[in-house]
Amino acid sequence: MAAAAASPRDPHGRKRKCRPGACSGWVSPRRFPAAVCTSMDCYTANWNPLGDSAFYRKYELYSMDWDLKEELRDCLVAAAPYGGPIALLRNPWRKEKAASVRPVLDIYSASGMPLASLLWKSGPVVSLGWSAEEELLCVQEDGAVLVYGLHGDFRRHFSMGNEVLQNRVLDARIFHTEFGSGVAILTGAHRFTLSANVGDLKLRRMPEVPGLQSVPSCWTVLCQDRVAHILLAVGPDLYLLDHAACSAVTPPGLAPGVSSFLQMAVSFTYRHLALFTDTGYIWMGTASLKEKLCEFNCNIRAAPKQMVWCSRPRSKERAVVVAWERRLMVVGDAPESIQFVLDEDSYLVPELDGVRIFSRSTHEFLHEVPAASEEIFKIASMAPGALLLEAQKEYEAASFGKCFLDRFPPDSFVRMCQDLRVLNAIRDYHIGIPLTYSQYKQLTIQVLLDRLVLRRLYPLAIQICEYLRLPEVQGVSRILAHWACYKVQQKDVSDEDVARAINQKLGDTPGVSYSDIAARAYGCGRTELAIKLLEYEPRSGEQVPLLLKMKRSKLALSKAIESGDTDLVFTVLLHLKNELNRGDFFMTLRNQPMALSLYRQFCKHQELETLKDLYNQDDNHQELGSFHIRASYAAEERIEGRVAALQTAADAFYKAKNEFAAKATEDQMRLLRLQRRLEDELGGQFLDLSLHDTVTTLILGGHNKRAEQLARDFRIPDKRLWWLKLTALADLEDWEELEKFSKSKKSPIGYLPFVEICIKQHNKYEAKKYASRVSPEQKVKALLLVGDVAQAADVAIEHRNEAELSLVLSHCTGATDGATADKIQRARAQAQKK
Amino acid sequence: MAAHLSYGRVNLNVLREAVRRELREFLDKCAGSKAIVWDEYLTGPFGLIAQYSLLKVNELFGFSNKCCFLCSEDRRGPTRDFHILFVPRRSLLCEQRLKDLGVLGSFIHREEYSLDLIPFDGDLLSMESECAFKECYLEGDQTSLYHAAKGLMTLQALYGTIPQIFGKGECARQVANMMIRMKREFTGSQNSIFPVFDNLLLLDRNVDLLTPLATQLTYEGLIDEIYGIQNSYVKLPPEKFAPKKQGDGGKDLPTEAKKLQLNSAEELYAEIRDKNFNAVGSVLSKKAKIISAAFEERHNAKTVGEIKQFVSQLPHMQAARGSLANHTSIAELIKDVTTSEDFFDKLTVEQEFMSGIDTDKVNNYIEDCIAQKHSLIKVLRLVCLQSVCNSGLKQKVLDYYKREILQTYGYEHILTLHNLEKAGLLKPQTGGRNNYPTIRKTLRLWMDDVNEQNPTDISYVYSGYAPLSVRLAQLLSRPGWRSIEEVLRILPGPHFEERQPLPTGLQKKRQPGENRVTLVFFLGGVTFAEIAALRFLSQLEDGGTEYVIATTKLMNGTSWIEALMEKPF
């Protein structure tokens, strides 16, 4: 408790002058959050009852020292909800007629810290407002809407339509819906135009209000069933405009005697509507105008400066806050109201659960006291919380007490402590985002982090991520990436330094996309920096396309090759092919063997001619030779064409010093011509037979002479020629010729093949003729083939060859060869004795 | 549905479920009943991911370039929505093509389905990328390497960061580089999964060109060599599987090929798949005895309880009997091949080459094969094997073979020969030095005493030859590559080691006796024999390492050479 109470950051922020050492070291787990810590004695002192059931309190968030030179009433003011920034446009045109003095646009944090200040150089501004992304929308008289960032950086502009140019914009409202932020304008022709989402601009011109001759006394944007409507008051009448029609509406239970509506207010959630009439009467009801909630007569007939709703989600209490020059009134369903005196010119900012009120010197928050606080602090409360408080220990007591509750999960307690700690940190004067717990929950931590990033509060955002242990990808990495994107925009720092600084901080942090950062750098015109940053990008799939976009195709090519991703290489190759002239393209390929092979593959399927050029360029004669061989088969029908293609191939092979291939190709040319001649002279099919088959075909056709000639011409080795003839003659079953052939000279392949082939043709008789001529080593085999087991056994015994003996034995079948088998067994036994 | 994926040390069902979920998410996006038009090539791999329960396939026909269309139909009207799913990647060229054809805009959803690694078995993943080897080594196209790296990232996302990466070869180096790059890209999503894999070993296929060329001699390897296993299915000649019914007289023999799924879900297959084929017979006959004994039990069942128990075991026994019958038939089919003289001769030549005999001159058997016009692939496998076992052939020998091939099989194969030369499978010996003997001796690639029945060394998978790639994996785990620096320098490409630091909380404290898990990724394909060898190492009692295997393609010498062949007409 002591530590907590001593915290300089009490909710009133009054002690802001003793600055808590920036935000370093704020994550100290042992310290307790201090947002609600205060001494109990004064806690209810600023509670004001409204009726019987609710209390409202107003407390100071910050004392502002923004040194405003002018009164707020002289400025156009816009304050973003959720503790957002405040924009002031001083010197609006309606006062200063002298055009020579340029107005100044100032942007402050909610605590009054200056964020930006710029001279307004554009046209007269009618209205200012903040979008949900905390972009400042400045609606000009000519219908142009200029969009600025939090730091006064111009983002973009758009127009609310051409007709506005003539008629001028009289008034404008910026409103927020679930789709984003919208703009509604009232033109000089008393027509309304609105766009429900400025991110996706679709202008809707609202229908005319019949008989509308003057400016409505007040108007507002309602949002019902996801559609934006406009409610306007003209004299005693109210009209509702949707995009199809204009209808007159009457609030139920409205007191009589109203001749004009002076002010209207719609609640933060668009659920409720309040109307202030010229009789000093306030009607409060649902925004659908179907139900009245309550009414109040304040007896002040002057038009209020501002009127806003002040209620909290899930609370039954309804109240509106009405502000005049020097008076602030909270009215609700009660006969009495709460009244405050305003010392200064003030401005009201409606929030989800209350109203912020700022002036030149202070920034306060007015809200309904939450039920929980009420239970604890209300005088004579007997609620458990109040009883616990009796122990004078507040959170420390809770912390202490929870040790005794073994079934109470500590998670929610821990989470609450963490949340409060975050809220305290961002409420700090330097940061200036005064969020309540409900606002924070509504906003979500992700959006809060985005807003910190928007304010370039990177270190704090990172500390929060780390403190809340958010996953790196959603948390720290994202923030670092934002930081880097900001960093690349710093034009005064050299590319070298920026790249190094970014890499130092980001390193290989997971989830950081260097290519996104590089894309941003490229977007700012810093191509060199982008390339440097891309060096750090490990994902080639991201890196390469960006390099291509930046026209660094050659670099992209080497990166793609490094990745090994062939598809990526193809992407670059096809890009390069279109970008470079053929010569340069080939030269580039030449230095990149991997790309070259891939491109060759591509050409093989799609551009054969290019493939040839590629081989030519590289003097790759061997491949050129193969290329022409393929061509001779694929492209050419005529024999002359085929031979010509083969000639080219042969020439290439000679150049490649591949004698063998060259000679073989020439032989083939010779063979082709010869086959052609054979076809002409003998008929039949010769083309594309192998030499071997050509000779065989000739023998089968009985052209032995020709066959001999061919074999000689092409130097078929003797052995193979014998096999060839043997096979062919056996196929013809020309046994006579075969025998003649066998006796023509000593067979270079022996005579076993003769035996085998005769057996194959089932001619045992012929086979036997050759068996005797088989060489001794093969004799056993031959004899077995012709079925002479007994003689085979004799030979085997003679050879004293164990393998042969077993072979013969395996051929001995049952009864017939019984004697032979015995003989072998005896021979074996004898051999073993020796 | 895929329980066999979860039996291994690493539960690969996790991966399967992840890819299934992704597919289902896409399908859910397309409302209404759907007709799917497939790239024909995709149906196989998709079958491993999703059964028909997930996909009700209405139509099947081919479309180029690996994508699948989805048309979802709104019953109420004649309008049809078209969607396209690119597998494994939405590529620029593909989209460009669709754009050129003017249809790109008609697809409502255009998405990619990054199906990189597909779980095939409890310890086996494959990308089934047919052309990976060709693209990498012939065409300089590293797309498949990029996908391999992506697949490894997916794997790490599911099974934790792999703390150590080893590699050998140019492609391995590149995949490792890409992984390290990609890790930087993903720094956002800190991986907090306890690492399942201890090591990753990336191996280029071109570090070991020899192994796939040799004929695999394990049961599964031989099935693949002879009939070809596609997406874990094999099609077999139906005759042997004809139901033996009496009085049928063999009238209507089935004409349609018998299609069988082969994976470890089948108990018997899991037991015999990795055995040397010579050891399979004894297991099958032992199993036959056990099963018939189990069926005999019924005569001993006296009490109602005993009968009930017997009956309850019946389905399992019948399944076992069916499985036994199938594998007995398959074994018979294979035996017909392996006992043929030509198979024996071929094997003899292969083994001579691998043990370094007569690798430097023209081989008679190869010559005869050419002269008799045996299948070209067989000839090419042998010639390449000889070239690899001799660190390239003498120019004269090489030219002789090439000439023989061109004259016999046709000149057009010159393109295939060029491809083989470019891939290094066939080459002239340069510098006149044959490095293979050094490699063979240092890595003990040839073992003379092989025990095919109860193996003690990985060389049993080729009856003598120990696959080089697996030997490298074995030596890496013990005693480490430092002991073979010299050989590593002879083999192509760099060897390297990378560490991926783990956050302190995820560092493993190994229990004594707890095995390491190593993921071996074969870039460019792996054979079943190599897989068998790694499984053998996993099962060694004092091995200390268990292996999970990943690859770009499950292949054998035949499919490998086939992919490298080029037919111009």
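Everything quoted here is computed from the prediction, not taken from an experiment. (Residues numbered from 1 in each chain as written. Chains lettered and ligands numbered in written order. Predicted model: local features only at pLDDT ≥ 70, side-chain atom pairs only at ≥ 80, totals over all residues. Heavy atoms only, no water.)

K.L.:
Now, about the overall build of chain A: what can you tell me, with residues and values included?
P.N.:
Tallying secondary structure elements over chain A gives 32 helices and 29 strands in all. Expressed as a percentage of the 834 residues in chain A, the buried residues total 52%. Considering only residue pairs separated by 6 or more positions, chain A has 49% of its internal contacts joining residues 24 or more positions apart. Total accessible area computed for chain A in this model is approximately 39,100 Å², and 51% of it derives from carbon and sulfur atoms. (Helix = DSSP H or I, 4+ residues; strand = E, 2+ residues; numbered from the N terminus. Buried < 20%, exposed > 50% of the residue type's maximum accessible area, 1.4 Å probe, protein only. Contact = heavy atoms within 4.5 Å. Areas by Shrake-Rupley, 256 points an atom, 1.4 Å probe, with all protein chains shown as cover.)

K.L.:
Mind laying out the packing of aromatic side chains, listing which residues take part and the relevant values?
P.N.:
Enumeration according to the criterion identifies 29 aromatic pairs over all chains in this entry. Between A:W120 and A:Y148 the ring centres are 5.7 Å apart and the planes differ by 50°, which places this aromatic pair in the tilted class. One end of the pair, A:W120, is in the loop between β6 (114-119) and β7 (125-130); the other, A:Y148, is in strand β9 (residues 144-148), with 28 residues separating them in the sequence. Like A:W120, the residue A:Y148 is buried in the burial classification. Between B:Y219 and B:F277 the ring centres are 6.4 Å apart and the planes differ by 10°, which places this aromatic pair in the stacked class. Of this pair, B:Y219 sits in helix α8 (residues 219-227) while B:F277 sits in helix α10 (residues 277-300), and the two are 58 residues apart along the sequence. Its relative accessible area of 0% is what places B:Y219 among the buried residues. On the basis of relative accessible area, B:F277 is assigned to the buried category, the value being 9%. The ring of A:W483 carries A:K505 above its face, with NZ or CZ at 5.1 Å from the centroid. (Phe/Tyr/Trp six-rings, centres within 6.5 Å; stacked < 30°, edge-to-face > 60°. Lys NZ or Arg CZ within 6 Å of the ring centre and 35° of its normal.)

K.L.:
Got a sec to walk through the nonpolar core? Specific residues and values, please.
P.N.:
Residues and elements named next belong to chain B. Counting residues in hydrophobic clusters, the biggest one holds 177 residues, and the most contacted among them are L202, L425, L472 and F521. With 9 residues, the top contributor of residues to this core is helix α14 (residues 376-388). If sequence neighbours within four positions are ignored, F521 has contacts with L117, M127, A148, L152, L200, L201, L202, L203, A550, T551 and T552. (Core = buried A, V, L, I, M, F, W, Y, C linked by side-chain atoms within 4.5 Å.)

K.L.:
Give a detailed account of the pairing of strand β13 (residues 192-195) of chain A, specifying residues and quantitative values.
P.N.:
Residue and element names in this part refer to chain A. Residues F192 and L194 point to one face of β13 and T193 and S195 to the other, with burial holding for every one of them. Linking strand β12 (residues 180-187) back to β13 in an antiparallel pair, the connection comprises 4 residues, with H190 at a positive phi of about 60°. The pairing of β13 with strand β14 (residues 204-205) spans 2 bridges and is classified as antiparallel. Bridging from a neighbouring strand, L194 pairs with R204 of β14. (Pairing = 2+ DSSP bridges.)

K.L.:
Which residues make up a negative patch on the surface, and what values do they have?
P.N.:
Residue and element names in this part refer to chain B. A cluster of acidic residues, E22, E25, D28 and E112, forms a negative patch on the protein surface. Ranked by residue count, the leading element in the negative patch is helix α1 (residues 13-29), at 3 residues. Mapped onto the elements of the fold, E112 is located in strand β4 (residues 107-112). For E112, a relative accessible area of 34% corresponds to the partly exposed category. (Patch = residues over 30% accessible without salt bridge, like charges linked within 9 Å, V, L, I, M, F, W, Y side chains within 5 Å. Salt bridge = Lys/Arg side-chain N within 4 Å of Asp/Glu carboxyl O. Lys, Arg positive; Asp, Glu negative; His and termini not counted. Charge placed at Lys NZ, Arg CZ, Asp CG, Glu CD.)

K.L.:
Hey, could you go over the environment of A:K121 for me, with residue numbers and the actual values?
P.N.:
All names here are of chain A. You can see K121 is positioned in the loop between β6 and β7. Judged by its relative accessible area of 64%, K121 is exposed. Along the primary structure K121 and V104 are separated by 17 residues, whereas in three dimensions their C-alpha atoms are 8.9 Å apart.

K.L.:
Tell me about the packing of helix α25 (residues 718-732) of chain A against helix α13 (residues 364-371) of chain B, and name the residues and values.
P.N.:
The contact between α25(A) and α13(B) brings their axes to 9 Å, and the two run at 40°. Put simply, α25(A) runs oblique to α13(B). Crossing of α25(A) over α13(B) shows right-handed handedness. The residues of α13(B) that touch α25(A), namely those facing A:K719, A:R720 and A:W723, are B:N364, B:E367, B:D368, B:I370 and B:A371. (Axes fitted to C-alpha atoms, helices over the stretch in contact; angles between N-to-C directions. Parallel < 35°, antiparallel > 145°, perpendicular 65-115°, else oblique. Left-handed = near helix turned anticlockwise from the far one by under 90°.)

K.L.:
I'd love a proper account of the interface of chain B and chain A, names of residues and values included.
P.N.:
Between chain B and chain A, the contact holds 45 residues from the first and 51 residues from the second. A buried area of about 4,200 Å², summed over both sides, lies between chain B and chain A, and 52% of it is on carbon and sulfur atoms. Sorting the residues of chain B by area buried against chain A places B:R181, B:Q407 and B:Y411 first, and these three jointly supply 17% of that buried surface. The tally of links from chain B across to chain A stands at 10 salt bridges. (Buried area = accessible area lost by both parts, 1.4 Å probe.)

K.L.:
Just give me the short version of the sheet that holds strand β21 (residues 281-286) of chain A, but keep the residues and values in it.
P.N.:
All names here are of chain A. Taken in spatial order, the 4 strands make up an open sheet running β19-β20-β21-β22, and their pairing is antiparallel. Whereas interior strands pair on both sides, the edge strands pair on one side only; in this sheet they are β19 (261-266) and β22 (292-297). Sheet twist, expressed as the average angle between the axes of neighbouring strands with direction ignored, equals 15°. Examined bridge by bridge, strand β20 (residues 272-277) and β21 share 5 bridges and lie antiparallel to one another. Across the sheet, the residue bridging to L275 is W283, located in β21.

K.L.:
Which residues make up the environment of B:G557, and what values go with them?
P.N.:
On the secondary structure map, B:G557 appears in helix α21 (residues 557-564). The contact partners of B:G557, leaving out residues within four places of it in the chain, are B:P212, B:E225 and B:R381.

K.L.:
With reference to specific residues and values, describe the confidence of the model for chain A.
P.N.:
Here chain A averages 85 in pLDDT, and 90% of its residues register 70 or above. Under a pLDDT of 50 for its full length, residues 1-40 of chain A has, in the predicted model, 66 contacts with residues more than four places off or in other chains. (pLDDT = per-residue confidence, 0-100.)

K.L.:
How would you sum up the confidence of the model for chain B? Please name residues and give values.
P.N.:
Residue and element names in this part refer to chain B. Per-residue pLDDT for chain B averages 86, and the proportion of residues at 70 or more is 90%. At the low end of the mean pLDDT range in chain B sits strand β2 (residues 67-73), at 48; at the high end sits α14, at 97. pLDDT under 50 marks residues 56-68. Its contacts with residues more than four places away, or in other chains, come to 44 contacts. Under a pLDDT of 50 for its full length, residues 71-77 has, in the predicted model, 18 contacts with residues more than four places off or in other chains. For this predicted complex, the interface confidence reaches an ipTM of 0.88, while the overall pTM sits at 0.75.

K.L.:
Hey, could you go over the environment of A:F358 for me, with residue numbers and the actual values?
P.N.:
All names here are of chain A. Considering the arrangement of structural elements, one finds F358 in strand β28 (residues 354-359). The sequence separation of F358 and Y347 amounts to 11 residues, and the corresponding C-alpha distance is 5.4 Å. With residues near it in sequence (within four places) discarded, F358 still touches W66, L72, V77, A79, I86, D345, S346, Y347, V349 and H363.

K.L.:
Hey, could you go over helix α6 (residues 170-185) of chain B for me, with residue numbers and the actual values?
P.N.:
Taking 1.5 Å of rise per residue, 16 residues should cover 22 Å, and α6(B) covers 23 Å from first to last C-alpha, within 8% of that figure. Every buried residue of α6(B) is listed here: B:C171, B:A172, B:R173, B:V175, B:A176, B:M178, B:M179, B:R181 and B:M182. (Expected span 1.5 Å × (residues − 1).)

K.L.:
Go over the state of the cysteines, please, and point to the residues and values.
P.N.:
In protein structure, a disulfide is the covalent linkage between the sulfur atoms of two cysteines. Residue and element names in this part refer to chain A. Applying the stated criterion across every chain, the model contains 0 disulfides over all chains. Left without a disulfide partner, C298 is nearest to the cysteine sulfur of C294, which lies 13 Å away. Taking relative accessible area as the criterion, C298 reaches 11% and is therefore assigned buried. (Disulfide = S-S within 2.5 Å.)

K.L.:
Lay out the pattern of salt bridges with the relevant residues and their values.
P.N.:
Applying the stated criterion to the full structure yields 78 salt bridges over all chains. Note that A:E535 and A:K559 form a salt bridge whose closest N and O atoms lie 3.2 Å from each other. Placement of the pair is A:E535 in the loop between α13 (527-534) and α14 (540-549) and A:K559 in helix α15 (residues 553-563), with a sequence separation of 24 residues. Each of B:D121, B:D123, B:E220, B:R273, B:D274 and B:R535 takes part in a single network of salt bridges with overlapping partners.

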